[in-house]
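Spelled out, the chains give:
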Amino acid sequence: MALDLRHLRAFLVLGNELHFGRAANTLRIAQPALSKTVQQLESEIGAPLLTRTTRRVELTEAGKVFLTEISGIAGQIDLAIAKTRKAARGLQGELRVAYTDFAINGKLPEFLRDFNLAHPDIHLDLIFMPTVRQHVAILQNSIDIGFMYGEFDHQSTNSLVFDENEYVVVLASDHPLAKNETLTLTELKDEKFVFGTGDSWVVFRQQVFAKCRARGFFPDIALEATNSDGIFGLVIVGAGVAIYSSCIGNMARHGVAVRPLSDLPEKLPISAVWDRSNRSKVLSTFLKHLRNHRRGLGAGE
């Protein structure tokens with residue numbers, strides 16, 4: 001006879017109660033059935049686990065050892081069952097979340113912190129990924145949700161605007177134009193520019209280039225950097241000015257001046273995008289929290 005969970009649970013309850021009647025009630029089985037289960041267990045182990053008299057039940061030395069050992073096993077089984085049930089409800093598991101520079105420097109960290117507090121058993125695998133790579137990753141199911149610049153209009157995806165910022169220009173703090181409280185994109189036409197590289201910042205570059213062309217010039221790109229820190233570093237040393245998002249206001253930066261661009265009233269959207277065919281329960285939990293977050297922001301505005 002092979003032991004199963006029924007035998008272990010029966011002995012665990014009886015070993016703690018040391019009373020067949022109470023143990024049978026707890027297990028919701030008849031007392032003769034409990035006696036038979038314990039007899040099967042003793043037969044399989046090959047040693048008596050209990051001593052029985054008309055008045056009392058006691059554990060043998062072998063029974064004490066067996067009770068101690070299976071108590072840990074029972075705890076692990078209960079934990080496994082609880083975790084499995086939570087996973088089935090989307091309250092435990094892992095979610096792959098991609099983000100861009102603009103997203104992680106905006107409202108995303110606060111939102112992710114709140115989500116972690118609300119759902120500590122869901123692990124967020126955070127992956128830095130430029131917008132164009134997120135497009136591919138979502139379609140290939142290598143990420144579950146992406147926080148990217150702009151919109152991704154594709155028949156297989158859903159999205160919502162998560163954050164919005166304004167266009168700003170970032171200059172060295174000693175740049176002559178830094179004395180102005182606001183600037184226009186047209187005023188920058190004769191400046192050298194610093195941009196993110198074409199492979200990583202292509203969507204943002206295309207947007208800015210289009211706005212420059214609408215004003216009769218194309219930016220003179222002096223140098224490029226792969227990330228925001230590189231862009232700011234090049235600005236600080238005087239390599240050029242940079243068009244960026246107002247989310248820079250959330251970062252402590254020395255040596256730069258940030259000025260709004262009054263002729264660019266358009267917003268820079270950060271969109272949350274996911275594959276609509278993704279049936280992950282954890283993703284559903286995340287999206288519910290995300291939508292509640294957005295409703296809360298709308299109510300506050």
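This one's a predicted model, so the numbers in the text were calculated from it and none came from an experiment.

Our next topic: the overall build of the protein chain. Counting its secondary structure elements, the protein chain contains 10 helices and 11 strands. A compact globule built from 301 residues should have a C-alpha radius of gyration of about 19 Å, whereas the protein chain, at 32 Å, is more than 25% larger. The burial tally for the protein chain puts 44% of its 301 residues in the buried class. Within the protein chain, residue pairs in contact and separated by at least 24 positions form 75% of the contacts whose partners lie at least 6 positions apart. When the accessible surface of the protein chain is summed, it comes to about 16000 Å², and 51% of that surface belongs to carbon and sulfur atoms. A gap of 9 Å separates the mean positions of the 34 positive and 33 negative side-chain charges of the protein chain.

Once that is clear, we can look at the nonpolar core. Nonpolar side chains in soluble globular proteins generally cluster together in the buried interior. Core analysis: the biggest nonpolar cluster contains 60 residues, and I145, F147, I243 and Y244 have the highest contact counts within it. With 21 residues, the next largest nonpolar core counts A23, L50, I70 and A74 among its residues.

Turning our attention to the state of the cysteines. Under the counting rule described, the total for this entry stands at 0 disulfides. Unpaired in this structure, C212 has its nearest cysteine sulfur neighbour in C247, at a distance of 19 Å. Given the relative accessible area of 0%, C212 is considered buried. Classification of C247 as buried rests on a relative accessible area of 0%.

This paragraph deals with the pairing of strand β9 (residues 242–245). The two faces of β9 match: A242 and Y244 on one face and I243 and S245 on the other face are all buried. Note: strand β6 (residues 157–172) against β9, 4 bridges, orientation antiparallel. In the strand pairing of β9, V168 is matched with Y244.

This structure, assessed with the given rule, holds 12 salt bridges. The shortest N-O distance in the salt bridge between E42 and R52 comes to 3.2 Å. With E42 in helix α3 (residues 31–45) and R52 in strand β1 (residues 50–52), this residue pair connects regions lying 10 residues apart in the sequence. Residue classification places R52 among the partly exposed residues on the basis of a relative accessible area of 40%.

Since there are 3.6 residues in each turn of an α-helix, residues three or four apart along the chain are aligned in direction. Compared with an ideal rise of 1.5 Å per residue, which puts 15 residues at 21 Å, α3 spans 21 Å between its outermost C-alpha atoms and is within 8% of the ideal. When α3 is considered as a whole, its buried residues turn out to be L34, T37, V38, L41 and E42. Considered in projection along α3, the buried side chains sweep an arc of 135 degrees and stay on one side of the axis. Looking at α3, the residues exposed on the side facing more than 90 degrees away from the buried face are P32, K36 and S43. Directly after α3, the chain includes G46, whose backbone phi takes a positive value near 85 degrees.

Quick look at the side chain of D101 now. Locating D101 in the fold gives a position in helix α5 (residues 101–104). Classification of D101 by relative accessible area gives buried; the value is 11%. A distance of 2.5 Å separates polar atoms of two side chains, one belonging to D101 and the other to S228.

Analysis parameters
- Residues numbered from 1 in each chain as written.
- Predicted model: local features only at pLDDT ≥ 70, side-chain atom pairs only at ≥ 80, totals over all residues.
- Heavy atoms only, no water.
- Helix = DSSP H or I, 4+ residues; strand = E, 2+ residues; numbered from the N terminus.
- Rg over C-alpha atoms; globule rule 2.2 N^0.38 Å.
- Buried < 20%, exposed > 50% of the residue type's maximum accessible area, 1.4 Å probe, protein only.
- Contact = heavy atoms within 4.5 Å.
- Areas by Shrake-Rupley, 256 points an atom, 1.4 Å probe, with all protein chains shown as cover.
- Lys, Arg positive; Asp, Glu negative; His and termini not counted.
- Charge placed at Lys NZ, Arg CZ, Asp CG, Glu CD.
- Core = buried A, V, L, I, M, F, W, Y, C linked by side-chain atoms within 4.5 Å.
- Disulfide = S-S within 2.5 Å.
- Pairing = 2+ DSSP bridges.
- Salt bridge = Lys/Arg side-chain N within 4 Å of Asp/Glu carboxyl O.
- Expected span 1.5 Å × (residues − 1).
- Arc of directions from axis to C-beta.
- Polar contact = N/O pair within 3.5 Å; in protein donor to acceptor, adjacent residues only side chain to side chain.

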